[in-house]
Amino acid sequence: MTKESANVPQHIAIIMDGNGRWAKKRHQPRFMGHRAGVKAVENIVKHCAELGVGVLSLFAFSSENWRRPSKEVSLLMELFALSLKQQAKRLHKNNIRLQIIGDLSKFSDSLQKQIKQAEQLTADNTGLIINIAANYGGRWDITQAVQKVAEKVTAGELQAEDITEDMIGAELTTASIPEPDLFIRTGGEERVSNFLLWQMAYTEFYFSETLWPDFDSQQLDNAISSFNDRERRFGKTSEQIQQDS
Ligand code: IPE
Ligand code: IPE
Ligand code: MG
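Reading guide: rules and limits
- Residues numbered from 1 in each chain as written.
- Chains lettered and ligands numbered in written order.
- Predicted model: local features only at pLDDT ≥ 70, side-chain atom pairs only at ≥ 80, totals over all residues.
- Heavy atoms only, no water.
- Near = heavy atom within 4 Å.
- Polar contact = N/O pair within 3.5 Å; in protein donor to acceptor, adjacent residues only side chain to side chain.
- Areas by Shrake-Rupley, 256 points an atom, 1.4 Å probe, with all protein chains shown as cover.
- 1 Å grid on protein atoms, 1.4 Å probe; cavity = no way out; pocket = protein on both sides within 12 Å on 5 of 7 lines; lining within 4 Å.
- Sits in = over half its atoms within 2 Å of the grid points.
- Core = buried A, V, L, I, M, F, W, Y, C linked by side-chain atoms within 4.5 Å.
- Buried < 20%, exposed > 50% of the residue type's maximum accessible area, 1.4 Å probe, protein only.
- Helix = DSSP H or I, 4+ residues; strand = E, 2+ residues; numbered from the N terminus.
- Contact = heavy atoms within 4.5 Å.

S.K.: Is there a simple way to think about the site of ligand 2 in this case?
M.R.: Taken together, the residues surrounding ligand 2 are Ile15, Met16, Asp17, Phe59, Ala60, Phe61, Ser62, Asn65, Arg68, Arg185, Arg191 and Ser193. One of the side-chain nitrogen or oxygen atoms of aspartate 17 is found 3.1 Å away from an oxygen atom of ligand 2. Interatomic distance of 2.8 Å between a side-chain N/O atom of arginine 191 and an oxygen atom of ligand 2. Protein contact buries 78% of the 390 Å² of open area that ligand 2 shows by itself. Put simply, ligand 2 lies in the largest pocket.

S.K.: Where do I start with the nonpolar core in this structure?
M.R.: Formed by 40 residues in total, the largest nonpolar core has its most connected members in Ile12, Ile14, Leu56, Ile130, Ile184 and Leu220. With seven residues, helix H3 (residues 70-93) is the largest single contributor of residues to this core. Setting aside chain neighbours within four positions, we find isoleucine 130 in contact with Val45, Leu56, Leu58, Leu91, Ile96, Arg97, Leu98 and Gln99. Ranked by size, the runner-up nonpolar core spans ten residues in total, among them Phe59, Ile101, Tyr136 and Met200.

This is the structure in structure tokens:
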């Protein structure tokens, strides 16, 4: 597929699942799967940039992943910090902008600082936006957005009955980016696991059996080609959509 191809989704959101099982199949510790997963991220980022995708959202750590054994959690934090350190300059060189969404207050001070630095370094880049969800939960995002809107009500700036969907959307962590067009989950599970709940109201879903470390550019092309075979109706009839196009 080339940059000129007709329907490259503007925003692709991915749950990168299956690292642990990938490692288990090889009789390796789960952490090796996470390490291999970072390599897959590099490939997919490169391919998205080549295709001209606007935004790539990647679920790296959910608000529920703290429930894992503490050793795995701390190894994941170390890997996150290491990858940021190794990749920030390279992303910058490639005109890629990095954004991290989630409740970052739960991370160590040094990791928070590193995140800020990587975001600032790449803030003015105009190419692909990589949106990493870390300690992210869709319900958390909606809750913090509603709290901000409620503060305006408390301050007397807004009446409760005047609250609109757009006002809530504008307070979500993803306010500056379009909603996902295509959602991909690897690893065979078919659920959203508290990812971008509000934002995926009309996203097309694609599930792959492939474990994340094995997900490559060919498989991304397959997902995009499935996306291109769909008719997005947004509540309208098929006839209306054909008339409009
Ligand atoms: C996804 O892979 C990565 C993270 C949640 C950090 P998993 O670690 O969930 O892998 P499986 O599902 O156990 O195979
Ligand atoms: C979802 O994967 C979160 C990430 C990929 C970061 P999980 O593997 O944690 O999801 P569940 O718990 O199986 O639904
Ligand atoms: Mg999993």
